[in-house]
2 protein chains.
Amino acid sequence: MMEKWRITQRLLRHSSKLLFDRPLNRSASHISAFRFASVHRETFVETGLGSASSIKYRRFGSAATEIQRNTSFSTLNVDDISYFKEILGEKNVIQDKDVLLNANTDWMRKYKGSSKLLLQPKTTNEVSQILKYCNSRRLAVVPQGGNTGLVGGSVPVFDEVIINVGSMNNIMAFDKVSGTLVCEAGCILENLVSFLDDQGFIMPLDLGAKGSCQIGGNVSTNAGGLRLVRYGSLHGSVLGLEVVLANGDVLDMLGTLRKDNTGYDLKHLFIGSEGSLGIVTKVSILTPLKLSSVNLAFLACKDYFSCQKLLLEAKSKLGEILSAFEFLDNQAMDLVLNHLEGARNPLHSSMHNFYVLIETTGSNESYDREKIEAFLLRSMEDGLISDGVLAQDINQASSFWRIREGVPEALMKAGAVYKYDLSLPVEKMYDLVEEMRLRLGQTAKVIGYGHLGDGNLHLNISAPQYNDAIFAQIEPYVYEWTSKHRGSISAEHGLGLMKANKIFYSKSPESVQVMGSIKKLLDPNGILNPYKVLPYLLSSYH
Amino acid sequence: MMEKWRITQRLLRHSSKLLFDRPLNRSASHISAFRFASVHRETFVETGLGSASSIKYRRFGSAATEIQRNTSFSTLNVDDISYFKEILGEKNVIQDKDVLLNANTDWMRKYKGSSKLLLQPKTTNEVSQILKYCNSRRLAVVPQGGNTGLVGGSVPVFDEVIINVGSMNNIMAFDKVSGTLVCEAGCILENLVSFLDDQGFIMPLDLGAKGSCQIGGNVSTNAGGLRLVRYGSLHGSVLGLEVVLANGDVLDMLGTLRKDNTGYDLKHLFIGSEGSLGIVTKVSILTPLKLSSVNLAFLACKDYFSCQKLLLEAKSKLGEILSAFEFLDNQAMDLVLNHLEGARNPLHSSMHNFYVLIETTGSNESYDREKIEAFLLRSMEDGLISDGVLAQDINQASSFWRIREGVPEALMKAGAVYKYDLSLPVEKMYDLVEEMRLRLGQTAKVIGYGHLGDGNLHLNISAPQYNDAIFAQIEPYVYEWTSKHRGSISAEHGLGLMKANKIFYSKSPESVQVMGSIKKLLDPNGILNPYKVLPYLLSSYH
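Residues numbered from 1 in each chain as written. Chains lettered and ligands numbered in written order. Predicted model: local features only at pLDDT ≥ 70, side-chain atom pairs only at ≥ 80, totals over all residues. Heavy atoms only, no water.

Digging into the overall build of chain A
A count of helical and extended segments in chain A gives 18 helices and 16 strands. Restricting to contacts in chain A with at least 6 residues of sequence separation, those with at least 24 account for 75%. Accessible area for chain A stands at about 18,200 Å²; split by element, carbon and sulfur atoms hold 49% of it. (Helix = DSSP H or I, 4+ residues; strand = E, 2+ residues; numbered from the N terminus. Contact = heavy atoms within 4.5 Å. Areas by Shrake-Rupley, 256 points an atom, 1.4 Å probe, with all protein chains shown as cover.)

Laid out in structure tokens, this is it:
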């Protein structure tokens, strides 16, 4: 039986993974500037919070409500510039057009603001001085980290002042006994990974964007990524934060303790609020020890039920060493094989209905290998998997990951694509893919893949070109279906500008009302990252 | 070398542990009633928020500021009683003296209120109706679960109406694929444990009080307990909550998803806010699979540095199977051996300076056993441990746990005891014990034990009797020392009434101010669990 598995022992010590649906680094872009409001008139409004002057989809999938600049905001003047130069120094007050064009544009080139100023503070005190001033002057700001976000959260909508904390990139402390890292918000994730690697530790999160994204941005967007199934979300890993509020007050919540029950745990308000409640300036985070043994299996399942059952078995039998459980369907595999250069199916028999990647990470190579081999053998005997292969070396493992990682690229090459990032109960997740297939018939291909272990589905609809009729079949149906099954319309990307008005699909009106009250409490002038996260009327005060 | 370890393979499938410093069930108490305010005049005030009319310690250790009943609160009248009977039914509106005496008193018999009414709602809607009414009438309330708290958080201070959700104890849903449990807040932790055991799952937290405490109370106090080192805090495990606000609004945040980035994650405000921002009515929680193999080692170390080093090695070498890392010092062992019936040192050679309990939990018995045996052998060769024994069966394991669990009982039997529950950086933790010994000299014994793996020290000072001079040597020094080292003055017990005015030792004034603003935002009349968690002036509005 074991011969069926093309297995030998192997080790993946430094597999450089790129699972997240975006490239590692963003390149400079030089698109001519235009106002966001005029770009985003192609709107589909379902919340009643804006007017749907023309129902039309955009090339990039989701729609946004037409937004007017908040008239309570001031416009930048020469005195403002002088003040900023005084506190930050000349070279950290940037008005260079090329730099601004880049900072005004998100990496997808989907969202574009028209800010005239980028500030680069070097200390918490400077961030505090900036915000205190902007708040008193009612100058709106947008906090920007690596600018790798996917929902238009990290670029200006109009002329907001961009505050980039990238110069605040010091590692302040690392405690090997507790594994606690304390650093400034501007540290690039990959630099933290390298630093920790030397210490024998890893970051509890890993993203495809790690070469650009900053830890402050990761925290502010509650970034998910590859290791969530093992190490949980940032709400569990982040031990402390330093945050500057809209009025310039510095909230020192930079604890390094695993246990602290003294009052309300305020830091959680800033994890995932996308810079709309405060600017994260320092982060304290619990880092796991680096374990030496990594295995990766690429498997085939005959149906979605088997994938689910396999997940349960993997949790039970691999238990403490399971570190990733990803899936893609045959439509996704088909696209990868047709559109991705050099891609080949590791299981070279006929096509299967579903493919699953299982990764284990543990402290003992021979035990782990025996464990995964026994697990695979038993799963095959039980009929849960139809075929499979265990990576023999890092190259083979990379080629397996390449298939899973390559789906978004293959989709882009195949034509028009409507992308959705949803959390759903695992048992319901694939029903949506099948229902979309029934709705769309032959007009488009429906592809399902994602982080099965986390209940995170990437639903993609691929068509020869964008088409009103197809879009009308997808939205608002996808959001309504997700809402009906108590899913989330944004699993890991946040709401940003793109889905601010869609929040009601995943959150109750009472909850959104409380969010609005907290926004108003902490940022009464609404200067922090305006027009994002919350519906317009709740986050903008006139 | 291995012979030194009295080891054979063993399994601990159902070790019933009682590590938390309190009994499993509270018995009915019949103490004559007295007003809290008159009891708590023996006050040591350090925040400047109250007047220190007489500086005096209590038998129970910590002190509280003298508190006057908030004059803005109404007093219960017959119309109120009629209204509650109308919405809840006669039998759920309790005025029986014995029942009230019990509900007015905490299990330590340290705090005692004088409430005249206990309400037992059966549904969220009933909780909502109660709070809506109380809010409009300005009747203060205290939410009560199993009433097992240690800081006076779960009993009235004056005449607050007690709301006990114990009748809301239904398990609503369990999903075996994702391990998500959804239940009502009144479910007793042990009942959830039993339910999950049949499904092959465990709760991510385990407490000594599990026979009485309720999941709603666990969430509201962010209970820590035994499994935190492995499964993290409730901020990571709790996936969703349903909460009723002071005005009766029901916040439905009862998601069951691991990933959901749609707006501010409000549920975290209610985890650990001790019922002062809302009453938790339903909980959705991620439960881990039950693993079959459990091992427990009882070890001796020559110094605290070796304990620390051993922790690091255990994290590295036992990695993914480590599930507990506890310690006690020789003074603690001495007390246990002298005062606890039947207790004996498993290491029957001479006394050692430190003792460590290491537990592993994994999915494979033989691998785990080999792993821990190899780890112990290597640690001994490296001089990190001086002696040790691996439990051979569940009885032996229970006898090891009995030593660690027995410390509080031994302390109580030895005489007067001043108890502190602190979080500190692991490398600093034992310095405080040693400094206290220097300060106190021969006047008292200083005992250190606790959850080393979590950085949670139980510092206890044992003396023949309570004594002003000893107390003055301890407080505020202990809190100041903890504060200086950025520790927490409450690792897992919360602030309640006991430490509400001590919050500034662990939290910055700016943070506490924001907490006060959030309290006022969500509970403008201050009716929810008044006088608790926050300093009096921030939580009471006149």
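Still more to cover.
A closer look at the environment of B:M108
Among the structural elements, B:M108 can be located in the loop between α3 (97–104) and β2 (118–119). Along the primary structure B:M108 and B:G149 are separated by 41 residues, whereas in three dimensions their C-alpha atoms are 8.8 Å apart.

Brief notes about the sheet that holds strand β6 (residues 180–184) of chain B
Residue and element names in this part refer to chain B. Taken together, the five strands give an open sheet; going across it, the order is β5-β6-β9-β7-β8, and neighbouring strands pair in antiparallel fashion. Across the chains shown, the open sheet's two edge strands, defined by having one partner strand only, are β5 (171–175) and β8 (250–253). Put simply, the sheet's adjacent strands are angled 10° from each other on average, direction ignored. Where β6 lies against strand β9 (residues 279–286), five bridges are found, and the strand directions are antiparallel. Across the sheet, T180 pairs through a bridge with L286, a residue of β9. (Pairing = 2+ DSSP bridges. Axes fitted to C-alpha atoms, helices over the stretch in contact; angles between N-to-C directions.)

Focus on the packing of aromatic side chains
Remark: the centre distance and the inter-plane angle together describe each pair of aromatic rings, the angle taken between the planes. A full pass over the atoms with the stated rule returns 41 aromatic pairs over all chains. With 5.2 Å between their ring centres and 75° between their planes, B:F158 and B:Y531 make a pair best called edge-to-face. Within this pair, whereas B:F158 is found in the loop between β3 (141–144) and β4 (161–164), its partner B:Y531 is found in the loop between α17 (509–522) and α18 (536–539), the two being separated by 373 residues in sequence. Judged by relative accessible area, B:F158 falls into the buried class, the value being 3%. In this arrangement the basic side chain of A:R439 is found over the ring face of A:Y477, its NZ or CZ atom lying 3.8 Å from the centre. (Phe/Tyr/Trp six-rings, centres within 6.5 Å; stacked < 30°, edge-to-face > 60°. Buried < 20%, exposed > 50% of the residue type's maximum accessible area, 1.4 Å probe, protein only. Lys NZ or Arg CZ within 6 Å of the ring centre and 35° of its normal.)

Notes on the state of the cysteines
All names here are of chain B. Evaluated as defined, the whole model comprises zero disulfides over all chains. Take C301: it sits in no disulfide, and the sulfur closest to it among the cysteines is that of C307, at 4.0 Å. Residue C307 is classed as buried on the basis of its relative accessible area, which comes to 0%. (Disulfide = S-S within 2.5 Å.)

Quick look at the environment of B:D454
Tracing the backbone shows B:D454 in the loop between β15 (445–451) and β16 (456–463). Owing to a relative accessible area of 7%, B:D454 belongs among the buried residues under this scheme. Dropping the residues within four chain positions of it, B:D454 is found in contact with A:R258, A:K259, B:G225, B:L228 and B:V229. A polar atom in the side chain of B:D454 sits 3.3 Å from the backbone nitrogen of B:V229. (Polar contact = N/O pair within 3.5 Å; in protein donor to acceptor, adjacent residues only side chain to side chain.)

Some details on the relation of the copies chain B and chain A
Expressed as a screw operation, the relation of chain B to chain A combines 0.0 Å of axial shift with a rotation of 180°, fitting to an RMSD of 0.0 Å. With respect to symmetry, the two chain copies, as superposed, fit the operation of a two-fold axis. When C-alpha positions in chain B are compared against the rotation axis, the closest is assigned to B:G236, at 2.2 Å. When the interface residues of chain B are mapped onto chain A, 100% of them again fall at the interface, so both copies present the same face. (Least-squares fit on C-alpha atoms with pLDDT ≥ 70 in both.)

Describing the pairing of β3(B)
Residues and elements named next belong to chain B. Because side chains alternate across β3, one face comprises the buried residues V141 and P143, and the other comprises V142 and Q144, equally buried. Where β3 lies against β4, four bridges are found, and the strand directions are parallel. What sits directly across from Q144, in β4, is N164.

Looking at the side chain of B:E359
Residues and elements named next belong to chain B. Tracing the backbone shows E359 in strand β12 (residues 354–362). For E359, a relative accessible area of 6% translates into the label buried. At 2.8 Å, the side chain of E359 forms a polar contact with the side chain of S323.

Examining the pairing of β8(B)
All names here are of chain B. Taking every second residue as pointing to the same face, the buried face of β8 carries L251 and M253, while none of V250 and D252 on the other face is buried. The sheet contact formed by strand β7 (residues 238–244) and β8 spans four bridges and is antiparallel. Across the sheet, E242 pairs through a bridge with D252, a residue of β8. In textbook terms, the turn of a hairpin is the stretch between consecutive antiparallel strands, and for β7 and β8 this stretch comprises five residues, one of which, G248, has a positive phi near 95°.

Quick look at the interface of chain B and chain A
Residue-level contacts link 89 residues of chain B with 89 residues of chain A. When the area that chain B buries against chain A is broken down by residue, the three leading residues are B:K259, B:N261 and B:Y264, summing to 15%. For the pair chain B and chain A, the number of links is eight salt bridges. Here chain B is connected to chain A by 43 residue pairs in polar contact (both at pLDDT 80 or more). (Buried area = accessible area lost by both parts, 1.4 Å probe. Salt bridge = Lys/Arg side-chain N within 4 Å of Asp/Glu carboxyl O.)

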